[in-house]
Amino acid sequence: MIAQFISNLPAIIVRLITLCFFSIGFIQYYQRVWSDVFEPTDINHPASTGRRVYLNLLSLVLGLGVNILALGWFTGESLLTYNNLALYALTLALMYGGFNTAEVALQFAAVLTMWITVHWANLTALPTLISFVLFIITVVFMHQFRDFFMSRWQWYVSGAIVVSGLFWLAAPSVLHGQPMTGAVRFQGMLLYTLMGAFVIGYWLRQYNEDKRRRELERLADYERGTQNDTYADTQHELAELIKSALITKQPLTFVEIDLDNFRQINDRFGHLAGNAVLIGVTDTVRTLLDRKQVDYRMAMTTGEEFTLVFPNKSAEDILPEIKGVWQAIRKSEYKFEARSLAVTASIGMTDLLPEDNDLNELYKRADSSLSRSKRNGRDMITLNGKTIVGTDHSQKRLGDYAYFVQGIYEMRDGKPVIKSHELLLRTYDKMQDRWILPDSFELPAWMQIALLKSVMDRTGIRTFNINLTAAQFEDVELAEALSQFVESADGPDQLNVEITDLTDSQTTRRICAVYRDSGIKIMIDDVGSDNSFEVVRDALPYVNNVKFAMQNLRKQTTAAELKERAQFWYQTAVENHLTFVLEGVENDSDIQMAKELGIKQFQGYHFDKPHLPEAMEA
């Protein structure tokens, strides 16, 4: 049997390719008619009556027509090929939703008819009857759970193996002159299964691409489609609510919510990630308030700020719900691609007062309360200037901060070896019970040095990078304090300072001299994204390293463009005798690209993620 199958393999491959392309054309045509616009995800879209009838007849005529022609005109291996095509056309229709009961019954009747025509010679044999019952059970099961099977390739293929196995293994010993040897039966199973695997694999690729495209469009169009065209109408509605409350002397509460450190999400992960968070937060707020059956109005004020108005509710009445909103935002994680993004919110609240004349009066008081929440450390609720919920973080304490570590690697003999570590500042939020980005990275020099010593004592790390803001980098006192720390007996072997926001070249030159005298090296971070060549060009003679962050560019560039930019910056580093680090390495393709360019140092999730020093080996 094996020898016969191998000898027929070229012919099988040709028939399989023909069947696959025919099936792909059929499924695309099916879906184009099924929905007004071709959307691979609309397998359960309830089509109009006319289209449903048309597609049902198309499936029945194609399937049964090919089956009858095959049995009447073809013999040998062609009979096997066309019967598989007919069986696939009939069973595919059952994987679509939206048909009514009568139409589904016709589809099952067509499958039953094909079974009878193929198995007529041994129709009443006990093995055939058992196979028939199991065949029908399998087809009904796959129809009932079509969403599951159509979205999971391996399960669909498993179902196809069972369907084809029951169909062909129960076939008579001779089918219209074709001896049904074991090899022929296996060919029948193989053709049907591989055709299904190929077509559904193709369909799922379209499904995922379409899902990704629609998600990107939804994120990209979020502000234009959701806010801009409704902002004026919403503001008018809020003004009318306030006017009505003043006339009827009913209470009204005005709330402003602002997402903390939102710009960092846009800068680090891109604008689409920021929009994903905005959509997620909006859904979180709406879901909670709708579940509480609270009457409210929502209006977007700026990119990361929105307003809630509660008619007929005083601040005291609505405060439990606002606390719930605040807590729900801080406990949620919002998905963007493979990342989970967390945010907190600062909230300002106020009541409608009898002396208020218009909407602006409430905006002013709510703005003042929101500003106080921001100044006192963010992630707080302030009502008419009084802190209701949250912790005042205006006084920085050493125990509230820690450095997370992430390795910087160098390829040696094809293997990654730790070259250095980047230390990333985090602060611990007791209410969320997790480490988050701090509100401000500008810690006093003594606190930063104490945190660095803590990392060194716990891990034994003696070579590391720290990040400085533009204000910190310009601070001569901080530069001198870090220089003294490096030169002391308990200082690190090597300290590298990473800067993202460059000052003017003269300031950079003077500060770099202070660091250079103590052996501290300067790295320009995020070249090519946050820092263009025009910005960093004049600073290149004074620094030691540059870091190219791929994660900042993946969303808006193709793989070829990303490689081209990385090559440009690597060449710039080589020409200026600078060390080059490729950041944002996430997969083997990135490693291969770096290898082709000659890049030796890397950083990214492919190797490790930022983590507390306690999780490291000393």
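Residues numbered from 1 in each chain as written. Predicted model: local features only at pLDDT ≥ 70, side-chain atom pairs only at ≥ 80, totals over all residues. Heavy atoms only, no water.

1. Some remarks on the overall build of the protein chain
For clarity, the cut-off: In this description a helix means any DSSP run of H or I spanning at least four residues, a strand means any run of E spanning at least two, and both kinds are numbered starting from the N terminus. Relative accessible area decides the class of each residue, using a 1.4 Å probe on protein chains only: under 20% of the type maximum gives buried, over 50% gives exposed, and in between gives partly exposed. Whether two residues are in contact is decided by their heavy atoms, any of which lying within 4.5 Å being enough. For accessible areas, the Shrake-Rupley method is used with a probe of radius 1.4 Å. Any residue's cover is judged against the shown protein chains and nothing else.
Each helix and strand counted, the protein chain has 22 helices and 19 strands in total. Out of the 618 residues in the protein chain, the part that is buried amounts to 50%. The contacts of the protein chain with a sequence gap of at least 6 include a subset with a gap of at least 24, amounting to 69%. Total accessible area computed for the protein chain in this model is approximately 29,200 Å², and 55% of it derives from carbon and sulfur atoms.

2. Here's the deal with unusual backbone geometry
In most cases, non-glycine residues show a negative phi, while peptide bonds are predominantly trans. Residue Asn-384 is not a glycine yet carries a positive backbone phi of 50 degrees. With respect to the secondary-structure elements, Asn-384 resides in the loop between strand 9 (381–383) and strand 10 (386–389). Residue Asn-384 is classed as partly exposed on the basis of its relative accessible area of 45%. The backbone of Asp-413 sits at a positive phi, close to 55 degrees, despite the residue not being glycine. Tracing the sequence through the fold places Asp-413 in the loop between strand 11 (401–412) and strand 12 (415–429). Residue class for Asp-413 comes out exposed when judged on its relative accessible area of 82%.

3. Quick notes on the pattern of salt bridges
Which entries qualify depends on this criterion: Take a side-chain nitrogen of Lys or Arg and a carboxyl oxygen of Asp or Glu: if they are within 4 Å of each other, that pair is a salt bridge.
Inspection of the entire model under this criterion finds twelve salt bridges. Between Glu-586 and Arg-554 there is a salt bridge, and its shortest N-O distance comes to 3.8 Å. Here the residue Glu-586 occupies a position in the loop between strand 18 (579–583) and helix 22 (588–597), and Arg-554 occupies one in the loop between strand 17 (545–549) and helix 21 (559–575), the gap between them amounting to 32 residues. Given a relative accessible area of 24%, Arg-554 falls into the partly exposed group. What emerges from the salt-bridge pattern is a single network uniting Glu-422, Glu-498 and Lys-547.

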